[in-house]
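A look at the structure
This is what each chain is made of:
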Amino acid sequence: MVQRETVTDAPAYLRDVVTMLCREIGFRTYQDTDRLDKTAQYISDRFASLTLPVTRQTFRYNGKTYQNIIAELRGNASPEQVLVVGAHYDTVRTTPGADDNASGVAGVLGLARLLAGTTLSKTVRFVAFALEEPPVYRTHNMGSYHCARILHDNAERVEGMICLEMIGYFCDQPGCQHYPLPFLNLKFPNTGNYIALVGNLRSKGFTVEMAKYFRAGTDLPVVTLNAPPVVLGIDFSDHWSFNKFGYRAFMVTDTAFYRNPNYHAPTDLPETLDFARMAKVVEGLKAAVEEWGK
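Let me sum up the structure you'll find in this document. Residue numbers run consecutively from 1 along every chain, following the written order of its sequence. Local features in this predicted model are restricted to residues whose pLDDT is 70 or higher, and side-chain atom pairs enter the listing and the counts only when it is 80 or higher, whereas totals over whole chains, interfaces and linings include all residues. To get the side-chain values, all heavy atoms of the structure are used, and hydrogens and water are removed first.

1. Points about helix α4 (residues 143-153)
Think of it in three bands: residues with accessible area under 20% of the maximum for their type are buried, residues over 50% are exposed, and the middle band is partly exposed, with areas taken using a 1.4 Å probe on protein chains only. Only DSSP runs of H or I reaching four residues or more are called helices, and only runs of E reaching two or more are called strands; each is numbered from the N terminus. Every buried residue belonging to α4 is among Gly143, Ser144, Tyr145, His146, Cys147, Ala148 and Leu151, and all of these are buried. Any pair of residues with heavy atoms lying within 4.5 Å of one another is described as a contacting pair. Where the residues of α4 are buried, they touch β1 (54-61), β2 (64-73), β3 (78-88), β4 (122-129), β5 (157-164) and α7 (239-244).

This is the structure:
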């Protein structure tokens, strides 16, 4: 029987995933193929425990093999219409990566756990991407780029992509939230007590629509920003890859280095994250995906 996530157990589940990736496995760089393989197996097992079909999408980089892990919740009426929800599971050498990006992986797994057994008209694919960080960052060697390219080559009908990139750090002190451009301080809060949905201009309609559904599922504050690449950070994750193939995509994020002082540091640890608010992010995503999938 599939164990369904509840409001009360979601924070503990998310904490378990983040702790496993950071404490038990540790650094997950492109050089640590044994640890990446262990991570891939762990994610695959988590998906399989939900009775979701799991596939591995392998690719080569610098003479080594890496794996995207894909689980599918197939739609029953219009299965050809696909929504991708993904996060990368690698890190840089300097950090165990609790927020970046064990939090995103936990969010994808938590969302899959919430939706497992749900009947949707359209198909949702949950993807854990192998490589996102340097030296492959923003190149065709990213795991998400391989995934998007294959979808494009197969002419699949991808209606959108949601990238979970650092969703666990929140702060409530005035002035703890920063922005890439000064005028944004006039538009957005100066406390980091919200989650952001961020994408390019082409993805604005998709972002705004999903944000509306998201708000219906949680009381966590949400802001949206769709802007050109001149706004530093607007495309700094796996949604970049999907944009390259013309897909609408946005990032769900706590804004990374604009808020979290532990970014890419040894101090990016599980105890710095707010798992209760992380669970609210997942609840909002559940509402958004269910509404999209009708």
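What follows picks up the thread again.
2. Describing the side chain of Asp100
Here Asp100 is to be found in helix α3 (residues 98-115). We score Asp and Glu as negative and Lys and Arg as positive, and we do not count His or the chain ends. Every case where a carboxyl oxygen of Asp or Glu lies within 4 Å of a side-chain nitrogen of Lys or Arg is listed as a salt bridge. For Asp100, which is buried and forms no salt bridge, the nearest opposite charge comes from Arg28, at a distance of 7.6 Å. Polar contacts, as counted here, are pairs of nitrogen or oxygen atoms within 3.5 Å of one another; within protein the pair requires one atom able to donate a hydrogen and one able to accept it, and residues that are adjacent in sequence qualify only if both atoms are side-chain atoms. Separated by 3.3 Å, the side chains of Asp100 and His88 make a polar contact. Setting aside its immediate chain neighbours within four residues, Asp100 contacts His88, Asp90, Thr91, Glu133, Glu165, Met166, Tyr263, His264 and Asp268.

3. Some details on the pairing of strand β7 (residues 222-226)
Burial analysis of β7 places 4 of its 5 residues in the buried class, which makes it a mostly covered element. When DSSP finds two or more bridges between two strands, those strands count as paired. Of the pairings in the sheet, the one linking strand β6 (residues 195-199) to β7 comprises 5 bridges and is parallel in character. Each bridged residue has a counterpart across the sheet, and for Val198 the counterpart in β7 is Leu225. Think of it like this: strands point away, you trace from the first strand over the helix to the second, and a clockwise trace means the crossover is right-handed. With respect to chirality, the unit in which β6 leads through helix α6 (residues 204-216) into the neighbouring parallel β7 is right-handed.

4. Quick word on the nonpolar core
As a rule of thumb, soluble globular proteins bury nonpolar side chains together. Residues belong to one nonpolar core when they are buried, are Ala, Val, Leu, Ile, Met, Phe, Trp, Tyr or Cys, and are joined through side-chain atoms within 4.5 Å. Of all hydrophobic cores here, the largest spans 101 residues; its most connected members are Phe126, Ile162, Ile195, Phe242 and Val252. Sort the elements by how many residues they give to this core and α3 lands first, with 10 residues. Apart from the residues within four sequence positions on either side, Phe242 is in contact with Val84, Phe129, Ser144, Cys147, Ala148, Leu151, Met161, Tyr247 and Ala249.

5. Structural notes on the pattern of salt bridges
Going through the model one piece at a time under the given rule, you end up with 16 salt bridges. The partner of Arg125 in a salt bridge is Glu72, and the shortest N-O contact between them spans 2.6 Å. In this pair, Arg125 is assigned in strand β4 and Glu72 in strand β2, connecting sequence segments 53 residues apart. Accessibility expressed as a relative area gives 18% for Glu72, which makes it buried. A salt bridge links Asp219 to Lys280, with the nearest nitrogen and oxygen atoms 2.8 Å apart. Taken as a pair, Asp219 in the loop between α6 and β7 and Lys280 in helix α8 (residues 275-292) lie far apart in primary sequence, 61 residues in all. Under the relative-accessibility criterion, Lys280 is labelled partly exposed at 26%. Salt bridges here are not isolated pairs; linked through shared partners, they connect Glu72, Arg74, Arg125 and Glu156.

6. Let's talk about the packing of α6 against α8
Running from amino to carboxyl end, α6 crosses α8 at an angle of 120°, the nearest separation of the two axes being 7 Å. In terms of their interaxial angle, α6 and α8 are classed as oblique. Both α6 and α8 take part in a crossing whose hand is right-handed. On α8, the residues touching Met210, Tyr213 and Phe214 of α6 are Lys280, Val281, Gly284, Leu285, Ala287, Ala288, Val289, Glu291 and Trp292. Angles shown run from 0 to 180 degrees and are taken between the N-to-C directions of axes, each axis being a line fitted to C-alpha atoms and, for helices, limited to the stretch in contact. In these notes the angle categories are as follows: under 35 degrees is roughly parallel, over 145 is roughly antiparallel, 65 to 115 is roughly perpendicular, and the rest is oblique. Take the far helix as your reference; a near helix turned counterclockwise from it by less than a right angle gives a left-handed crossing, and one turned clockwise gives a right-handed crossing.

7. Concerning the state of the cysteines
Whenever a pair of cysteine sulfur atoms sits within 2.5 Å, that pair is classed as a disulfide. Counting across every chain of the model gives 1 disulfide. The disulfide that involves Cys171 links it to Cys176, with 2.1 Å between the sulfurs. Residues Cys171 and Cys176 are joined through a disulfide that is right-handed, its torsion about the S-S bond being 90°. A residue is classified by how much of its surface remains accessible, and Cys171, at 5% relative accessible area, is buried. The cysteine Cys147 is free of any disulfide, with Cys163 supplying the nearest cysteine sulfur at 12 Å. Overall, Cys147 belongs to the buried group, its relative accessible area being 4%.

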